[in-house]
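Understanding the architecture of this molecule
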Amino acid sequence: MITKKTKGKSHSDLLIFNNFGIGFFRYSIKPDEKFLMANSSLVKMLGYRSEKELKKKGLAELFVNCKEKDRFFSLLKKRDKIKFFEVELKRKGGLPIWAAITGSSSKSALRPVPAGLEYLEVVVEDISLHKETQEKLSLERDYLQSLLDNIPDAIYFKDIKNRLIKVNKFYIQGAGGRELKKIIGKTDFDFFPYNQAKQMFKDDNYILRTGKPIIGKIERTLLSNKTWNQVITTKVPFYSKNGLIIGTMGITRDMTAYANLEQEHLKMTTDALNMLGKALEMRDPYTFKHNANVSIIAERIAKMLNWDENRLLNIRLAGRLHDLGKIGISLDILNRPGKLNEEEYQLIKKHVENCCKLINEVDSLRPLVEIIYQHHERLDGSGYPNSLKAGDILMEARILAVSDVLDAMTSHRPYRGALGIAKALEELNAGSGTRYDSKIVNIVNRFLKKDNGKIFWLSDDNKQKL
């Protein structure tokens, strides 16, 4: 029996929960199952006109799903208390609502409970809006993940400590098909060789520190099956809603097939040029060796400028080819001692144009045309064929100009002996900043001083192929 004291307490609770604006009810389990009381917020939430109308229902009738009802009562029986149990409840004549139920049985009550009485006290909160928002976010996440998984590139997000927090299916495949839980939270050091991971880590920290992206970086990656591939990677900073950098996002595309095709094309081209070089060596071994020497000098200068592999390849090839046009000039003129007359000098200058015509027919060598065309230009406009001045001369051509002079003056020629390293440096230093790029001349001075003036480019290794 409900005592007067208990009734008074119920009405007091009712007033409190009405003011809260959340649902509250007390439900008898023993001796009978029935609502003992329900506040107005619950009545309104479930679409009833009055507490009296709601009380005609049994608690089980309010659950949309019978299994969820059974689970609720089972958990309550085990624990006597339950917190934030999410479930769909039936509304009168309307759509179901999502509710969060927090309840306890009278077994856990602190105040005395009359003998033979057992009841539940339950707080009900309408979380339909929260669920709707949650479902929208979940749907958006699913759409995003589906989009990411259908892009044939590895896409990945990292936190501020460079730990992976999200990846797409292509990334998982590249990681050897590991389970997602074995990828999330890991760093590049868990998947790649130490030196490679160290560079990736350095790139990520650069982005986190500066906010600047790294775009189109070409890398070689060791896969889980121990094979190497070539990729192109773009990484950008990832921002919070407050505009703070909280991580990085990366996109890596596998370029192995394309790179292999390019290598095949390059090999075909260089094989053909090596054959042409052999012809030049047989006809004019001095020019052939000069090309090889200039290539070695130019590459060392470019390495000291920290150029990437593609640019190093270009300067190396340009050096090996820059005087190839001399193959069409008479040896009598090329090797004649003494001063040439004007007509002969004009023929010599034609070797630049002749070389460019040869390599312009090869697609993969076309980027070298302008470099080679400018290698006799000088900063003050005193060079040929177009009397270009500083701002119009490519850095590659400036390197070739210095390398050309350095080898020409230190090598033996049929019409004169080698002038020596001292004379070559005298010429370069005298023209530094006027005819020759001072930065490049300074680099030459540095490495020759470091090597104690050793003429490293005159070794037998210079006969290597392109």
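Note that the coordinates shown come from a computational prediction; the quantities given were computed from them, not determined experimentally. (Residues numbered from 1 in each chain as written. Predicted model: local features only at pLDDT ≥ 70, side-chain atom pairs only at ≥ 80, totals over all residues. Heavy atoms only, no water.)

Considerations on the overall build of the protein chain
Within the protein chain, the regular secondary structure consists of 16 helices and 10 strands. Here the protein chain, with 466 residues, has 40% of them falling under the buried criterion. The long-range share in the protein chain, meaning contacts at least 24 apart out of those at least 6 apart in sequence, stands at 51%. (Helix = DSSP H or I, 4+ residues; strand = E, 2+ residues; numbered from the N terminus. Buried < 20%, exposed > 50% of the residue type's maximum accessible area, 1.4 Å probe, protein only. Contact = heavy atoms within 4.5 Å.)

Some thoughts on the environment of leucine 129
When you line up the elements, leucine 129 lands in helix H5 (residues 128–149). Sequence-wise, leucine 129 and tryptophan 98 are 31 residues apart; in three dimensions their C-alpha atoms are separated by 8.4 Å.

Points about the packing of aromatic side chains
Counting across every chain of the model gives 13 aromatic pairs. On the basis of an interplanar angle of 40° and a centroid distance of 5.6 Å, the ring pair of phenylalanine 189 and tyrosine 194 is categorised as tilted. Take phenylalanine 189: its relative accessible area is 35%, and that puts it in the partly exposed class. When the centroid spacing of 6.3 Å and the interplanar angle of 80° are considered together, the rings of tyrosine 345 and tyrosine 384 count as edge-to-face. One end of the pair, tyrosine 345, is in helix H12 (residues 342–359); the other, tyrosine 384, is in the loop between helix H13 (369–373) and helix H14 (395–410), with 39 residues separating them in the sequence. (Phe/Tyr/Trp six-rings, centres within 6.5 Å; stacked < 30°, edge-to-face > 60°.)

Describing the pairing of strand S2 (residues 34–38)
Consecutive side chains along a regular strand alternate between the two faces of the sheet. The sheet contact formed by strand S1 (residues 23–30) and S2 spans four bridges and is antiparallel. What sits directly across from tyrosine 27, in S2, is phenylalanine 35. Here S1 folds back onto S2, and the loop between the two strands holds three residues. (Pairing = 2+ DSSP bridges.)

With respect to the packing of helix H9 (residues 285–304) against H14
Each pair of packed helices can be described by the angle between their axes along with the distance between the axes. Running from amino to carboxyl end, H9 crosses H14 at an angle of 130°, the nearest separation of the two axes being 9 Å. On the basis of their axis angle, the class for H9 and H14 is oblique. Crossing of H9 against H14: the hand is right-handed. Only Ile399, Leu400, Ser403, Asp404, Leu406, Asp407 and Ala408 of H14 make contact with H9, whose side of the interface consists of His290, Asn293, Val294, Ile297, Ala298 and Ile301. Among the residues making up the contact of H9 with H14, the classes are represented as eight nonpolar, three polar and two charged. (Axes fitted to C-alpha atoms, helices over the stretch in contact; angles between N-to-C directions. Parallel < 35°, antiparallel > 145°, perpendicular 65-115°, else oblique. Left-handed = near helix turned anticlockwise from the far one by under 90°. Nonpolar A, V, L, I, M, F, W, Y, C, P; charged D, E, K, R; others polar.)

Looking at the confidence of the model for the protein chain
Averaged over all residues, the pLDDT of the protein chain equals 83, while 87% of them reach at least 70. Note on residues 1–8: pLDDT under 50 across the span, and four contacts to partners over four residues away in sequence or across chains. (pLDDT = per-residue confidence, 0-100.)

Thoughts on the environment of serine 128
Its location among the elements puts serine 128 in helix H5. When the C-alpha positions of serine 128 and alanine 99 are compared, they lie 6.8 Å apart, and in sequence the two are 29 residues distant. Apart from residues lying up to four places away in sequence, serine 128 is in contact with Ile97 and Trp98.

Quick look at the side chain of asparagine 162
Tracing the backbone shows asparagine 162 in the loop between strand S6 (154–159) and strand S7 (164–167). Separated by 3.0 Å, the side chains of asparagine 162 and asparagine 205 make a polar contact. Among all residues touching asparagine 162, those that are not within four sequence positions of it are Lys186, Thr187, Phe201, Asp204, Asn205 and Leu208. (Polar contact = N/O pair within 3.5 Å; in protein donor to acceptor, adjacent residues only side chain to side chain.)

Comments concerning the sheet that holds strand S3 (residues 81–89)
Spatial ordering of the open sheet is given by S2-S1-S5-S4-S3, a layout of five strands whose pairing is antiparallel. Lying at the two open borders of the sheet, with one neighbouring strand each, are S2 and S3. Ignoring strand direction, the axes of neighbouring strands in this sheet form an average angle of 30°. Pairing between S1 and strand S5 (residues 118–126): seven bridges, direction antiparallel. Residue pairing in the sheet places glycine 23 in a bridge with valine 124 of S5. Along the sheet, helix H4 (residues 66–79) contacts S3, strand S4 (97–105) and S5; its crossing angle with S3, the most-contacted strand, is approximately 175°.

A closer look at the packing of helix H10 (residues 309–321) against H14
It is at 11 Å that the axes of H10 and H14 come closest, and there the two elements cross at 45°. Judged by the angle between their axes, H10 and H14 are oblique. Of the two possible hands of crossing, H10 and H14 adopt the one that is right-handed. Of H14, the residues touching H10 (which contributes Arg311, Ile315, Ala318 and Gly319) are Met395, Glu396, Ile399 and Leu400. Grouping the constituent residues of the contact of H10 with H14 by class yields five nonpolar, one polar and two charged.

A word on H4
Over its 14 residues, H4 extends 20 Å from the first C-alpha to the last, a length consistent with the 20 Å expected when each residue adds 1.5 Å. Among all positions of H4, only Phe72, Leu75 and Leu76 are buried. Viewed end-on, H4 has its buried residues packed into an arc of 100°, placing them on one side of the element. Facing away from the buried side of H4, by more than 90 degrees, are the exposed residues Cys66, Lys67, Lys77 and Lys78. Close packing links the buried residues of H4 with S3, S4 and S5. Structurally, the start of H4 carries an N-cap: the backbone nitrogen of lysine 67 is 2.8 Å from a side-chain oxygen of asparagine 65. (Expected span 1.5 Å × (residues − 1). Arc of directions from axis to C-beta.)

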